[in-house]
Amino acid sequence: MAPAPLTLSPEVAAALAARRPVVALESTIVTHGLPFPQNLETARAVEAAVRDGGAVPATIAVLDGAVRIGLDEATLERLARARDVMKLSRADLAFAVAGGRTGSTTVAATMIAARLAGIEVFATGGIGGVHRGAETSFDVSADLDELARTAVIVVSAGAKAILDLAKTLEVLETRGVPVVGWRTDDFPAFWSRTSGLPAPLRLDEAEDLARFWATRRALGLDGGLLLANPVPVEAEIPRAEMEAVIARAVAEVEAAGVRAKDVTPRLLARIVELTDGRSLTTNRALVISNAHLAAEVARATSSHML
Ligand code: PSU
Ligand code: MN
């Protein structure tokens with residue numbers, strides 16, 4: 001088999017060779033999750049948070065057919081401004097590479113690329129999951145299957161609250177994905193710190209997480225892990241308040257006949273409008289917080305490998 005066609009930035013290559021902690025970051029949040037210019041500003045702040053936490057950031061995207069691991073400033077800006085960029089998941093990652101296309105990577109595609117590059121820890125905002133009404137639409141994010149099969153720790157603020165969180169947790173349990181509440185007993189709901197659903201597992205120290213992760217490997221258990229980190233208190237939008245906004249956005253997007261990959265970006269954009277931009281501030285705060293925690297986790301897991 002040909003070697004995986006990855007292009008590592010010099011900084012990421014050097015960090016991986018020296019076994020220094022590296023944190024993978026996705027790019028769909030930049031191209032489809034947040035509007036310009038907040039997307040670029042947030043992407044920069046997220047990279048800074050990883051560095052502040054003592055790790056090297058590796059933002060992942062496909063540019064003109066190259067799977068890039070670690071983007072320079074100019075490339076990040078090009079992506080943030082780009083329109084008509086593909087949103088890549090497991091199904092179409094290779095399609096974009098083969099065709100020399102440009103695309104951003106979702107949680108699923110970022111996990112695949114991170115694993116190939118040898119990066120174990122990845123920070124995002126919120127994973128995709130089981131959509132509300134999935135019993136008729138069958139809309140279940142490929143992120144869940146990827147967590148079941150690819151060995152990467154994903155740090156997120158739970159799953160996006162636009163989803164059916166109870167069903168999302170059921171699928172994660174069925175597929176054998178550990179869901180760990182970070183210093184919480186309640187599964188976080190993205191913009192809100194609580195969902196009212198219990199987090200299946202709980203850990204309070206990065207060292208304990210690193211030991212759990214190493215033990216899964218030792219037992220031959222494949223697959224990833226979801227570390228659920230509640231949004232910082234000062235940035236939270238309470239659940240009751242978000243629920244009304246989400247219900248309205250979901251109803252509108254469904255009535256408009258939006259399908260497949262367009263559902264999540266359309267919902268997020270509508271929620272920014274309905275909250276007068278407040279959801280954007282919260283989204284920014286939670287991704288930065290996750291990046292900081294991911295750096296701490298990467299430091300713990302990289303010292304565990306020695
Ligand atoms: N988290 C965010 N904003 C986003 C996403 C996550 O704060 O835009 C993206 C992620 O890339 C995730 C994707 O993998 O949404 C899920 O899309 P779908 O529901 O179509 O699988
Ligand atoms: Mn979907």
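Anything mentioned here points back to the structure above.
Residues numbered from 1 in each chain as written. Chains lettered and ligands numbered in written order. Predicted model: local features only at pLDDT ≥ 70, side-chain atom pairs only at ≥ 80, totals over all residues. Heavy atoms only, no water.

Turning to the environment of glycine 70, a few remarks are in order. In this structure, glycine 70 sits in the loop between strand S4 (66–69) and helix H4 (73–81). Judged by relative accessible area, glycine 70 falls into the buried class, the value being 7%. Measuring from C-alpha to C-alpha, the distance between glycine 70 and serine 302 comes to 19 Å, with 232 residues separating the pair along the chain. The residues touching glycine 70, leaving out its near neighbours within four places in the chain, are Ser9, Val12, Ala58 and Thr59. (Helix = DSSP H or I, 4+ residues; strand = E, 2+ residues; numbered from the N terminus. Buried < 20%, exposed > 50% of the residue type's maximum accessible area, 1.4 Å probe, protein only. Contact = heavy atoms within 4.5 Å.)

Before going further, it helps to examine unusual backbone geometry. Omega for the peptide link from phenylalanine 36 to proline 37 comes to 5°, which places this bond in the cis form. Within the secondary structure layout, proline 37 lies in the loop between helix H2 (28–33) and helix H3 (38–52). Even without being glycine, phenylalanine 138 reaches a positive phi, approximately 60°. Following the sequence through the fold, phenylalanine 138 ends up in the loop between helix H7 (134–137) and helix H8 (142–149).

Before going further, it helps to spend a moment on the site of ligand 1. Contacts to ligand 1 come from 17 residues, most closely from Glu26, Lys87, Ser141, Asp143 and Thr264. Between ligand 1 and serine 141 there is a distance of 2.7 Å, counted from an oxygen atom to a side-chain nitrogen or oxygen. The protein chains hide 94% of the 480 Å² of surface that ligand 1 would expose on its own. Sorting the residues of the shell around ligand 1 by element identifies H2 and helix H12 (263–274) as the ones contributing at least two each. Sorting elements by how many residues they give to the shell around ligand 1 places H2 first, with 3 residues. (Near = heavy atom within 4 Å. Polar contact = N/O pair within 3.5 Å; in protein donor to acceptor, adjacent residues only side chain to side chain. Areas by Shrake-Rupley, 256 points an atom, 1.4 Å probe, with all protein chains shown as cover.)

Packed helices, taken two at a time, are described by their axes: the angle between them and the distance between them. The geometry of helix H10 (residues 206–218) relative to helix H13 (residues 278–304) is characterised by a closest axis approach of 8 Å and an angle of 50° between their N-to-C directions. One finds that H10 runs oblique with respect to H13. The handedness of the crossing between H10 and H13 comes out as right-handed. When H10 is examined against H13, the residues Ala206, Glu207, Leu209, Ala210, Arg211, Trp213 and Ala214 are found in contact with a partner set consisting of Glu296, Val297, Ala300, Thr301 and His304. Grouping the constituent residues of the contact of H10 with H13 by class yields 7 nonpolar, 2 polar and 3 charged. (Axes fitted to C-alpha atoms, helices over the stretch in contact; angles between N-to-C directions. Parallel < 35°, antiparallel > 145°, perpendicular 65-115°, else oblique. Left-handed = near helix turned anticlockwise from the far one by under 90°. Nonpolar A, V, L, I, M, F, W, Y, C, P; charged D, E, K, R; others polar.)

Further remarks concern the environment of glutamate 243. Considering the arrangement of structural elements, one finds glutamate 243 in helix H11 (residues 239–255). According to the relative accessible area criterion, glutamate 243 is partly exposed, its value standing at 35%.

A few words now on the packing of aromatic side chains. The description of an aromatic ring pair uses the distance of the two centres, along with the angle that the planes make with each other. Considering all chains together, one arrives at 1 aromatic pair under this definition. Taking the centre distance of 4.7 Å and the plane angle of 90° together, the rings of phenylalanine 190 and tryptophan 191 count as edge-to-face. Assessed through its relative accessible area of 2%, phenylalanine 190 is described here as buried. Note on tryptophan 191: relative accessible area 1%, which makes it buried. The ring of tryptophan 213 carries the charged tip of arginine 217 above its face, separated from the ring centre by 4.5 Å. (Phe/Tyr/Trp six-rings, centres within 6.5 Å; stacked < 30°, edge-to-face > 60°. Lys NZ or Arg CZ within 6 Å of the ring centre and 35° of its normal.)

Coordinates in, geometry out; function isn't part of it.
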